[in-house]
Structure formats: structure tokens, C-alpha cells
Amino acid sequence: MSQNQADWWFFGSNAGIDFNTGVPVPNNIGQLNTIEGCSAISDACGSLLFYTDGSSIWDRNHLVMPNGNGLFGNPSSTQSAIVIPLPNNPDLYYVFSISIGATTGLYYSVVDMNLNNGTGDVIVTQKNINLLANSTEKLFAAVAANGQDAWIVTYAESIPGSLSFNQFYAFKLTPNGMDLSASVNSLSQATRTTDKRGYLKVSPDGSKVAMMTQLYVDTSIPDESGVGAWLFDFDNRTGFVNNPVRMNFPAGYQAYGTEFSLDSRLVYVDLNTLGSGLVAAERLLLQYNTTTPNFENNPIVIYQSDSADATDDVARGALQIAPDNKIYYSRDEQEWLAVINNPNNIGALCNFQYNGLSLTPGTNSNEGLPPFYNAFFNPSFSVNEGCSNTTTQFIADEIATCPNSSVSWDFGDVASGAANSSTLINPTHIYTNAGTYTVNLVLTTPTGIFNSSRIVQIVDTPYTNTVNNISICDDSSNDGIAPIDFTATRINALGVQNPNNFEVTIHSSLQDAVTDFNSIADNDQVASGTYFLRIDSRLSNGCFVTTSFDVIIHALPVALMVDDLILCDDFSNDGIESFDLDLAAIQGLGTQDPVLVNYSFYRFQNEADVRQNPISSPYDNTMAQEEIFIRYENVNNTTCYEVVSFHLHVIAQPLIPVINDVSICDDESRDLVEVFDLNSLITSIQNTQPGNLITTFHSSQQDAELDDNPLNTSYTNTMNQEVIWIRLENNDLAICYDVQPLRLEVFPKPIVTTTADFSKCINEEGIIEATPGFDTYLWDTGATTSSIRITDEGTYTVLITDQNGCEDSSSTTVTNFQTTQIVAVEVEQFTLRSNRIEVSVIGDGPFEYSIDNFIFQESNVFTDLLPGYYTVYIRDVNGCDLVTAPATIIAAPPYFTPNEDGFHDYWQVTAIETEPNAQIYIFDRFGKLLKQISPLGPGWDGMYQGNPMPSTDYWYLVELIDGRSFKGHFSLKR
């Protein structure tokens, strides 16, 4: 039989089993109804204490504890909870739970059996304490190598939030509670997965771990390489899980439940073709013998459902060792458990029984069974080893406290005589000499006799050298907490003792030091106070010595940013002034207590760092801009200091030079109001003086002194003579300034006139005169006299300047009369007396016209003219020019006498030679063409085909090249 803490089981749908009689007795008294996760705990003698589904806790009366609701577990989590007693404490139990959902975290709550009238309750302040933000649904508890502490192990992410599970986390439970400083992590990339489901079990001897992960095995998916069944080595000294070996099984199955044989040799694996747990499917139970070569590829089939028979289909299920040394196998939604009657035997000899245990009618097994702490199946003892000549404490398993139980100790120290044995449950023994001793315990109970042995290493008592107090400065956070490297402290305390044999740890309390709990690592954040150093034998778990020392963390002065000190130079402008350095130091000190912080001044950073060559205040600077360093230090520890610097600036005193009055001539408005460009004066005012100079203008001396109401630099005067004020300030320091008046005046604008515009003949000379009496004249011709002579037409402008330098201008436009040009001469012709000439001209005029250059008329038309050649004369009345144009009047003679007397022998159009391209035709009265004559020839001689034509009337047709034509008739007389 095994220990009695596992005697009561509650699982599935109100199913229960009582193992107190040595055989399983089913019952239906439990209130738990869970799909998967569940856990139960009895006392060492087998009396029920409480049970849980990870969300609620029921006491031995099957009532939910007053504070037993709302645990962060879940009935649908594979291993929603496991219960472990606090080592060496029969009253406190730790309930570790795993939630389920988007994040599946690991939590613990503490049940105190003294609460609620002895039926137990969750301690309010120790409920749902988080250990890990997100993990799988896997969890086991294993006794540590010292036989006392417990490891709580789960599988989770190495990178929070990645949802890729690839690391084991081991947390240690000690008699003093959770020792988070002892937590360890074991990276396992080969078994990484994103699926959370499946069991995690540790072997009874604590040497191996089996892990099941659902989904179908597909090694081609990198992030699901951990799907399936795995076996690991477990080091119960360190908590490390390593050396993964995949246990192979047929394709098409998913792994869920697992359990070890009592001798830890065999691993049983539950497989199902549908791993979701929602649908019944084919089931396969395999056995792996870890002691044989290539075991991972050679499992033995213990049970396999009939693929042709749907009635034996069942969902996934858990496997669990029971106090009767059998392994029970859940059958989902059935009133049965399967049983492996002899789990230490190979193959069929394990005696698998499918209908192994009938449950109470009305109750069902589901997918889960309660897991247990592996210490419950190996009754043993723990030891707090002492040093030579000091007390070593032995603690028997709690089963020794049960009725009709007894113990017999053999401490393996023959030299101690009668003291070498004891029948006390928790005896002590003093080993005189250091050495290795084998301790044996015989536990006699009503259900059996258990033998347990352990090797105890007794070492010489360590000692501590003097440990000096540590006085350090706070870090930059200045919160009274700082990281400390205790390396030198540990080395000094250990002295010449061999560091391979002794471990030196630092603790914040004597209790932690004595119990070796919550050790402080190097560079952990610590506060001022008393700390305890423990020198512990690495060869013995109970041989140690402690001493104390103080840590004093001194506040690090924090210097605020210090403004530069700026002074205005005196009128010597030598760049040297006397500075009150305390003003800067007080600013940098801020709200810090001046009683606790000293300050001093230095010219150089390195001198400030070593506190060398301080300078005093007041201080005369040595250059116009000089850097000064302030060292702030803690008065109780001068090595706690901070240095800040600032600069001394001597600002040059600005001086306004003599600035002449500013005058402006009035503009065309002549209102004596103008805009003064004061900005143009700034360069001459500042006059290349050093400093960050600012020039402003003000309407009064008071405004200038106070730097109030500056004027716009485009300033409009209010009277023709007024005074404003100049302020010249060195902007590096506002008190460095000078003020001087400035006189402004607007001069009246002079008035100049010139000769009125006029016209003249082209070659005529003209005179233009300007108003006399001004200081200067400047014509655009370059002339500088008040009047000028001109010959060309154009606009002539003069710019005059009066005695104030003010200017005015005036212009005269001179035009030439336009040259007379004949545009056209129109002639009306082919008559004898009514011919006329009309001439058209352009020019300024008025004009006079003549055809004999003697008698001129105002009309441009000449009438009643005889045919012939004329010259038309046009003259400008202004007398500037005279132009002429020829005119010809063409006409046909009314008759001719071709009698060869030398007069009128030919008929020809008069002046027709002026139209050499004209066509001239002669017809008889019947329209017959008699002759075509040339305009350049003598004309018609009155002949037709060699015969003289008779005296009568004949017709002519004259066609000119411009398209005009004339016709008429004439007489031939003989």
C-alpha cells in the first residue's frame, strides 16, 4: 500500500472512490462535476480533507468552502489543479491551479485547515497568486532531493505572448512557502507546440517526466514539433527537465493521458483517433519499457478498441496510480474505469482489465482523474542536516502519526552507542565527527511495513569572518533602493574556507537566512537595513552559520539644471565682474535639504570630481564666458555626489554713439507727415559693438528706460519736428542698455515749374526755362542751368534741390510740327474744261495749295483744268516746309485733220504716254474696230487698210491698267 493522502478520489460526474480499506469503494457523495481537471487530498491517515475542480473547493462535508469559489482554474483544463501539503506543516495546503482561455496561467491559493471550524478555508490574502501569466494545461508536483521541498512544474512560453510553448518552469515549495528565488527554467525547443492540452506526469521516483500533447503528429510543422508523446529526465535536486525522447506511435492518433508504473520503469500512454474529447473514437493504450534499447520505437499494445465496432468507441482519458498500486484508466461518460492491475509487469502480464471497476450508478467517469504529489507513493523521511557537534533533525513521513503506526530509526552512527537509534517520530541526533552516514527508517503501519534509507553528509561547522557594513550611494532613481554586488562581501566572509564546499547567500531576514529562503542575488535591488549572511555547506543541507551586517544606502544628490549667471559689465567694459556663485548653487539644490547636502565650486570638472582646489563666492571671473562646476555631495557619504556646471557671462555694456538728427523731405502730399525708416539707423547705432544687441525706439524717455511701448521701425511722425528715444540693449542681460534722444524733422517739399509744352519746326531751336532761385538744377540732358536750349522734340525734365536737400521736378514736352506728306493726288480727266485735281496731304497744317507756286489757295481742289502736265505745291502755314507732286490730265481731242499740213495730222489721247500700258481702240460708227494704237506712238493717221477713211465721227475706247476705261467720239476732218 502507498500513503493515505491519495485515498479519496472525486472525478467525472459526481464519481468518487474511497481507498481507505485497501480496495476501491465507489461512492456518489461528491459534489464535483468536471469534464477533465480535478484534485483531492486526504490527511496522512486517509481522512478526506477537501477536493476541487480548480475553480471551487469542497470541504470534507462536501460544502464549498466560504472563500473557496472563484479560483483561477477550470474544469475543462487537462490538469486544472493539484494539492500539496506545506512541508512539515499538517495544517496548510497549497492548491495549484491552471486556468483556461486566451491565457492559461498558473496560480496558487493556500488552504488553512484550522479555519471554518476545522473544515478549512482559503486564506483571503493568499488566493489566486499568479506564478506564470500563460502556460499549457499541464502540471505535476515532485518531491525534491532533500525529501522535504516540492517542485511544481508546468510547460509554457519562453517568450511571453508568443503562444508558442517551449519551456519548462519549476517553482519550489519549502516549509517557508514559495521560494521564487529557487525557480528554474528548462528550454525545450524540440517539443515546442501551440496546443495546451494533454497530461504532464512525473515518475514515482522523481527521475523521469512524461508529457502528452494533442493534435496529430506532423514534424514538418516547426512550431508543432512537440505534438505527441515525450519522455524526459528530471533532476529533483535542481528542478531541470531535459533530454527529450519522442515516444513514437501509429499515425492517426493523438496523445492525451499518461502514467508511470510504480517502479518508474514503464510508461503508459493513452491515444485516441479524435483528441478533442468531444466525440468518442478509437482508443489505443501503449506501454513503453524505458529500460530497453530503442524503447521509444517499440511500444507494446495493452489495449486497442475494435475499429469495426462503434460500441467500444470512447474519448480520450487520464491514467492515474492509486493507493492500491494499480493504475486506473478513465472511460468518458461511462460508469466504469479500466484498470491495469499489475502496472510493473511487461505486456499482457500487466493484467489490463477493460471493465475493471464499476462506479456507483448515476455517476460517470469523464476524461480526467485526480493527479497526486509523487511523494505520496514513497513513504520516507526528510532531514535537516546539521554540522559536526550540532543537532541534525529527522522528520518521518506523516503516516507515522496515524493510529497504530510506529517508527524505528538507525542513524548510522555506531560510535554514538545507544543514541544511534530512536523510536520518536521526529528525532534529533548529534554527529560528533564529520562524515557520511546511512540513516534507516522502518515505518510500521496497519497496512504494511515501509523501509526507507538516506545518506546523510555531516560536515564541519563553517565559520564567518568579520563582515563589514556596506555604505553605498543610491542609484539614479534615488528611491532608497539600489543594486548591490555582494561578491566582495561573500568572499570576505568565507575567508580561506573552500568555496567549492560552501555556499554563501545573503538574506533580508534572519528567518530567511536560517531557512535558506529568498536569497538575494547580486545586483538585486535592496534597501537600507540589516541583512543576514549565511554560509552553508554544499555537502550538507543543514550545516550553516549566519551573521549580520548593515546596508546603508545614501541618497544621491540630484542637481537640477542651473541657469548661467549673467552680469552687465561696467562702463569700463573690461569683461570682469564679481559673481555670487551661491545663487546658482541654491537653484541646483532645489528642494533638497541643505543640511544633508553640501556644495562647493570648482573651475574644472576633474577638480570637482576629486574635491580639489575649490573656489569661493563671490568670485571674479577670469574671462568673459567661464564655466564653473558645482559639486553636490551627501554630508554623510561624500562619495555620493553629482556635478553640474553652468557658465559665467559678462555682458558688454552697450553705448549709443552720437546719432545725427534724422530729416526727411515731404512727399507730393505736402502734409509734412512722412514714414521714417528707423530700422536703417540700427547698424550705425549698434556700431559693431559686441553682444546680442537689440535696438528699439520709444516716444518718451520713460518708455525707453522701461523698455515699454516700442515704436514701429516704420515710424510716422506726428509733427514736422519731434524727438523720440533710442534704447540699445544687450539681450544677453536686459539691464545692459543705453538710452539717447533722436530728433526727427520733415522739410517742406519745394515747387518748381517749367515752360509750358510747345511745338516747333523740325530744325528750329527752342528755349525751356525753370523757376529760378534753387540750389541746384539737373536736366535730363545733363544741363545744370535754370534754362536750356533744345532742337529735338521730346520731354525735358528738370530736378531741382533746395537748401534742405529736398527735391522737386517739372517737365516740358516739345513736339516738332509733322512733316507734310502728300497722301494722294486724284485727277478727274478726259474732259476739255471740267478736269480737276484734288490733293490729299498729312501733317500738322494748316496748309496752302498752288499749281503755279505763285498763287496759293486754302482749298486742295483745282478745277476747270485743261489736259496737260501740272505740278501741285503744298506749303505749311507755319512756314516749316513746302512739298510738290506732279499731276497729269489725260483727254481725247475732239477732232483731227490728217491732211499732212503738220497740224493735227494724227489723233492721239493727250498725255497718254503717262499710261504706257493703256490700250487704245478706234471704231467706226457701226462698231467696227478700225485701229488699235500705242500710247507711246503718234496716234491714228485716219487710214484703214491703206485707204483714207472718210470725214465723219469715230469712236474710241481707252482701257487703263488699273481697270478704268474711257470712251467717246471724235471727228475726222479733211
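Computed from a predicted model, the values in this text were never measured in an experiment.

## Some words on the sheet that holds strand E46 (residues 637-651)
(1) Moving on: Strand order in the open sheet formed by 4 strands is E41-E46-E45-E43, and the pairing between neighbours is mixed. This sheet does not close on itself; its edge strands, each paired only once, are strand E41 (565-568) and strand E43 (597-602). Strand-to-strand twist across the sheet, computed as the mean angle between neighbouring axes with direction ignored, equals 25°.
(2) Moving on: Two elements, E41 and E46, share 4 bridges in a ladder whose sense is parallel. Among the inter-strand pairings, Cys568 is bridged to a residue of E46, identified as Ile651.

## What to know about the pattern of salt bridges
(1) Moving on: What the rule picks out here adds up to 23 salt bridges.
(2) Moving on: Notably, a salt bridge pairs Lys201 with Glu259, separated by 3.1 Å at the nearest N-O pair. Here Lys201 is found in strand E16 (residues 200-202), whereas its partner Glu259 is found in strand E20 (residues 254-260), with 58 residues between them in sequence. With respect to burial, Lys201 and Glu259 carry one shared label: buried.
(3) Moving on: The salt bridge partner of Glu729 is Arg727, with a shortest N-O separation of 2.9 Å. Residues Glu729 and Arg727 agree in their burial class; the two are buried.

## Regarding the nonpolar core
One recurring pattern in soluble globular proteins: nonpolar side chains tend to sit buried together.
(1) Moving on: Core analysis: the largest hydrophobic core is formed by 79 residues, its most contacted members being Phe50, Phe96 and Phe352.
(2) Moving on: Per-element tally for this core: the top contributor is strand E8 (residues 92-98), with 6 residues.
(3) Moving on: In contact with Phe50, other than residues within four places in its own chain, are Ala40, Ile41, Ile57, Trp58, Asp59, Met65, Val83, Tyr93, Val95, Val111 and Met113.
(4) Moving on: Of all hydrophobic cores here, the second largest spans 23 residues; its members include Ala892, Ala918, Ile920 and Phe966.

## Some points on the side chain of Asp808
(1) Moving on: Turning to its location among the elements, Asp808 is positioned in strand E58 (residues 807-816).
(2) Moving on: Of the polar contacts made by the side chain of Asp808, one reaches the backbone nitrogen of Val752; its length is 3.1 Å.
(3) Moving on: Not counting the four nearest positions on each side in its chain, Asp808 is found in contact with Glu668, Arg670, Lys749, Pro750, Ile751, Val752, Val798, Leu799 and Ile800.

## Description of the pairing of strand E40 (residues 544-554)
(1) Moving on: Where strand E35 (residues 470-473) and E40 come together, 4 bridges link them in parallel fashion. Directly across from Cys473, in E40, lies its bridge partner His554.
(2) Moving on: Both strand E39 (residues 529-537) and E40 contribute to a ladder of 8 bridges, which runs antiparallel. Bridge assignment links Ile535 to a residue of E40, and that residue is Val545.

## A closer look at the state of the cysteines
(1) Moving on: The full count for this structure, using the stated rule, is 6 disulfides.
(2) Moving on: Disulfide partner of Cys568: Cys736, at an S-S distance of 2.0 Å. Of this pair, Cys568 sits in strand E41 while Cys736 is found in the loop between strand E51 (721-730) and strand E52 (737-747), placing the two residues 168 residues apart along the sequence.
(3) Moving on: Given the relative accessible area of 16%, Cys568 is considered buried.
(4) Moving on: On the basis of relative accessibility, which here comes to 0%, the residue Cys736 falls in the buried class.
(5) Moving on: Two residues share a disulfide in this structure: Cys665 and Cys806, whose sulfurs sit 2.0 Å from each other. Because the sign of the S-S torsion sets the handedness, a value of about -90° for the bond joining Cys665 and Cys806 places this disulfide among the left-handed ones. Taken together, the residues span a long stretch of sequence, with Cys665 in strand E47 (residues 662-665) and Cys806 in the loop between strand E57 (794-801) and E58 at a distance of 141 residues.
(6) Moving on: In this structure Cys665 comes out as partly exposed when scored by relative accessible area, which is 26%.
(7) Moving on: Each bonded cysteine of the chain gets a number by its place in the sequence, and the pairs then read 1-3, 2-5, 4-7, 6-9, 8-11, 10-12.

Thresholds applied
Residues numbered from 1 in each chain as written. Predicted model: local features only at pLDDT ≥ 70, side-chain atom pairs only at ≥ 80, totals over all residues. Heavy atoms only, no water. Pairing = 2+ DSSP bridges. Helix = DSSP H or I, 4+ residues; strand = E, 2+ residues; numbered from the N terminus. Axes fitted to C-alpha atoms, helices over the stretch in contact; angles between N-to-C directions. Salt bridge = Lys/Arg side-chain N within 4 Å of Asp/Glu carboxyl O. Buried < 20%, exposed > 50% of the residue type's maximum accessible area, 1.4 Å probe, protein only. Core = buried A, V, L, I, M, F, W, Y, C linked by side-chain atoms within 4.5 Å. Contact = heavy atoms within 4.5 Å. Polar contact = N/O pair within 3.5 Å; in protein donor to acceptor, adjacent residues only side chain to side chain. Disulfide = S-S within 2.5 Å.

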